[in-house]
Amino acid sequence: MDKLNIKVNDNFIGNVILENEEYIFKYDSENTEDFISLIMPVRNKDYVHNKLHPIFEMHLPEGYLLSIIKKHFSKIVKTDDFGLLKVMSSSIKGRISYKTKKDTKYESLYLEDLLKPKSEKLFDELVSRFALSSALSGVQPKVLAIINNKATLKLDEYIVKSWGSEYKELSLNEYYCMKIVRDANIPVPEFFISEDEKLFIMKRFDILDDGRYLGFEDMCVLMAKQRDDKYDGTYEQIAKTIKTFVSNKYKKESLINFFKMMIINFMVQNGDAHLKNFGLVYDGIGDIKLAPAYDVVSTTVYIKGDIPALHLLGSKKWWDKKFLSSFGMQSCDLSKKEVDNCFIECKNALKNTLTEINSRLLTEKDEDKKEILYKLKLLFEMEY
């Protein structure tokens, strides 16, 4: 038998156990506010799965980080899901954490150091410092960096993303796409692009000003799916999940923001808007809403003929305004006026960014940047 102690808001509430190839979660608390997941309320009966429970699997690294962590630890410990969770447990910080302490001292690093890199190898340096304590999903090269805040004298956490030759200028791509999202009045985390445009930097959105952590669950968790199933679902199911779990006081705004996310994902042709790229945040069972938008990029500028990540209206295709409007009214319970207003906001936001890109193309000299900017320009000029 192998086990890990689980904490919610820093209070011990139970154990996750691996026994006879079964994963078992046992609550040791009777307080209903100590739930570990919205789909796993406090109860006496154990939660038994043949795979690691989705809420714990959500904490495991993927892609780039996973390869680094496995390379480092595979000779020392077993790096199956439970082994990885044990390895990463001391570094996982959030509403859910694990009863293992790891006091780490970090050399001073400030946001300005990321925005104005003094070395072309800054990302490699960040990887060497933070990779083994970065439990982040997704295949893109990224780390969770600990940053000193000069104003508050506290430590902030930022996700820092880089890119390789396969997806040139991905940081620039994400910056402009996220700018459209922000300008459409959709909540987004604080984000930046470095001066050399090699790094996209995004602040964690689940930490409150007083240092407390909000709960966060992505749609894979909320639909009881494993991470490998992140492309197996529909946008209608996401809308239904929002209606099922989001608090009544936030339901309308969450559905509006989700619909606007959908419009922009289709406008910029983001073929990676899968189940793990949408989620809910909460500060207790009565305070649940849609998480801020994140990980919005145009994938078709790299993958010609790329298709949406999930089914919509029974198909994976880039639906036009008529069909998206139908989705907004039927699945998101919006009126025609609300749908039309969402399109107006999204179109205006896209036009603002298109104007900026057109202006930049007049003076841009870097060929790789010009290529990506021109592809974005052509895409954003399409009538929607």
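Brief notes about the overall build of the chain
In terms of regular secondary structure, the chain is built from 12 helices and 12 strands. Against the 2.2 N^0.38 benchmark of 21 Å for 384 residues, the chain shows a C-alpha radius of gyration of 21 Å, consistent with a compact globule. Each of the three principal axes of the chain carries a C-alpha extent, and together these read 60 × 50 × 40 Å. When the 384 residues of the chain are sorted by exposure, 53% land in the buried category. Expressed as a percentage of contacts within the chain between residues at least 6 apart in sequence, the contacts between residues at least 24 apart total 65%. Surface exposure of the chain reaches about 18,300 Å², of which carbon and sulfur atoms provide 49%. Averaging the positions of the 58 positive and the 59 negative side-chain charges in the chain gives two centres separated by 1 Å.

Quick word on the pairing of strand E9 (residues 200-203)
Two elements, strand E7 (residues 155-161) and E9, share four bridges in a ladder whose sense is antiparallel. The residue of E9 that forms the bridge with Tyr158 is Lys203. Two successive antiparallel strands, strand E8 (residues 191-193) and E9, enclose a turn made up of six residues, where Glu197 displays a positive phi of approximately 65°.

Considering the side chain of Ser247
Considering the arrangement of structural elements, one finds Ser247 in the loop between helix H8 (235-245) and helix H9 (248-267). There is a polar contact of 3.4 Å between the side chain of Ser247 and the backbone nitrogen of Asp287. A distance of 2.8 Å separates the side chain of Ser247 from the backbone nitrogen of Ile288, its partner in a polar contact. Ignoring any residue separated from it by four or fewer positions in sequence, one finds Ser247 in contact with Ile285, Gly286, Asp287 and Ile288.

Re unusual backbone geometry
Notably, Ala224 is not glycine yet its phi reads approximately 55°, a positive angle. Unlike most non-glycine residues, Asp333 shows phi in positive territory, near 60°. In this structure, Asp333 sits in the loop between helix H10 (321-330) and helix H11 (336-361). Note on Asp333: relative accessible area 43%, which makes it partly exposed.

Examining the sheet that holds E9
The sheet built from four strands is open, its strands ordered E6-E7-E9-E8 with antiparallel pairing. Each of the sheet's edge strands pairs with one partner strand only, and the pair in question is strand E6 (142-148) and E8. Taking each pair of neighbouring strands and ignoring which way they run, the sheet shows an average axis angle of 25°. Sitting on the sheet, helix H5 (residues 122-130) is in contact with E6 and E7, with an inclination near 85° to E6. Sitting on the sheet, helix H6 (residues 170-183) is in contact with E7, E8 and E9, with an inclination near 145° to E8.

Re H8
Buried within H8 are the following residues: Tyr235, Ile238, Ala239, Thr241 and Ile242. Along the long axis of H8, the arc covered by the buried residues comes to 160°, so they all point the same way. Of the exposed residues in H8, the ones pointing more than 90 degrees away from its buried face are Lys240 and Thr244.

Things to note about the packing of aromatic side chains
Throughout the structure, instances matching the rule amount to 21 aromatic pairs. Where Tyr235 meets Phe278, the ring centres are 6.3 Å apart and the plane angle is 80°; that geometry is what we call edge-to-face. In this pair, Tyr235 is assigned in helix H8 and Phe278 in the loop between H9 and strand E11 (279-282), connecting sequence segments 43 residues apart. Each member of the pair, Tyr235 as well as Phe278, is classed as buried. Among the aromatic residues, those joined into a ring-pair cluster are Tyr235, Phe258, Phe259, Phe266, Phe278, Trp318, Phe327 and Phe343. Just above the ring of Phe35 sits the side chain of Arg95; from NZ or CZ to the centre is 4.2 Å. The lysine or arginine in question, Lys317, covers the ring of Trp319, its NZ or CZ lying 4.5 Å from the ring centre.

As for the pattern of salt bridges
The tally for this structure, following the rule as stated, stands at 29 salt bridges. Arg212 is the partner of Asp210 in a salt bridge, and the nearest nitrogen-oxygen pair spans 2.9 Å. Taking the relative accessible area as the measure of exposure, Asp210 reaches 53% and is therefore exposed. The exposure class assigned to Arg212 is partly exposed, which follows from its relative accessible area of 39%.

Brief notes about the sheet that holds strand E4 (residues 47-49)
Spatial ordering of the open sheet is given by E4-E3-E2-E1-E5, a layout of five strands whose pairing is antiparallel. Two strands close off the open sheet at either side, each with one partner strand: E4 and strand E5 (96-98). Looking at each pair of strands side by side, their axes are set apart by 25° on average, direction ignored. Two strands pair when backbone bridges link them, and strand E3 (residues 22-27) and E4 are joined in this way by three bridges, in the antiparallel orientation.

Section: the packing of H6 against H11
Put simply, H6 and H11 touch, their axes get as near as 7 Å, and they point 145° apart. Of the two elements, H6 crosses H11, and the hand of that crossing is right-handed. Judged by residue contacts, Leu172, Tyr176, Lys179, Ile180 and Asp183 of H6 engage Ala349, Leu350, Asn352, Thr353, Glu356, Ile357 and Arg360 from H11. Of the residues assigned to the contact of H6 with H11, the class counts are six nonpolar, two polar and four charged.

Criteria and thresholds
Residues numbered from 1 in each chain as written. Predicted model: local features only at pLDDT ≥ 70, side-chain atom pairs only at ≥ 80, totals over all residues. Heavy atoms only, no water. Helix = DSSP H or I, 4+ residues; strand = E, 2+ residues; numbered from the N terminus. Rg over C-alpha atoms; globule rule 2.2 N^0.38 Å. Buried < 20%, exposed > 50% of the residue type's maximum accessible area, 1.4 Å probe, protein only. Contact = heavy atoms within 4.5 Å. Areas by Shrake-Rupley, 256 points an atom, 1.4 Å probe, with all protein chains shown as cover. Lys, Arg positive; Asp, Glu negative; His and termini not counted. Charge placed at Lys NZ, Arg CZ, Asp CG, Glu CD. Pairing = 2+ DSSP bridges. Polar contact = N/O pair within 3.5 Å; in protein donor to acceptor, adjacent residues only side chain to side chain. Axes fitted to C-alpha atoms, helices over the stretch in contact; angles between N-to-C directions. Arc of directions from axis to C-beta. Phe/Tyr/Trp six-rings, centres within 6.5 Å; stacked < 30°, edge-to-face > 60°. Lys NZ or Arg CZ within 6 Å of the ring centre and 35° of its normal. Salt bridge = Lys/Arg side-chain N within 4 Å of Asp/Glu carboxyl O. Left-handed = near helix turned anticlockwise from the far one by under 90°. Nonpolar A, V, L, I, M, F, W, Y, C, P; charged D, E, K, R; others polar.

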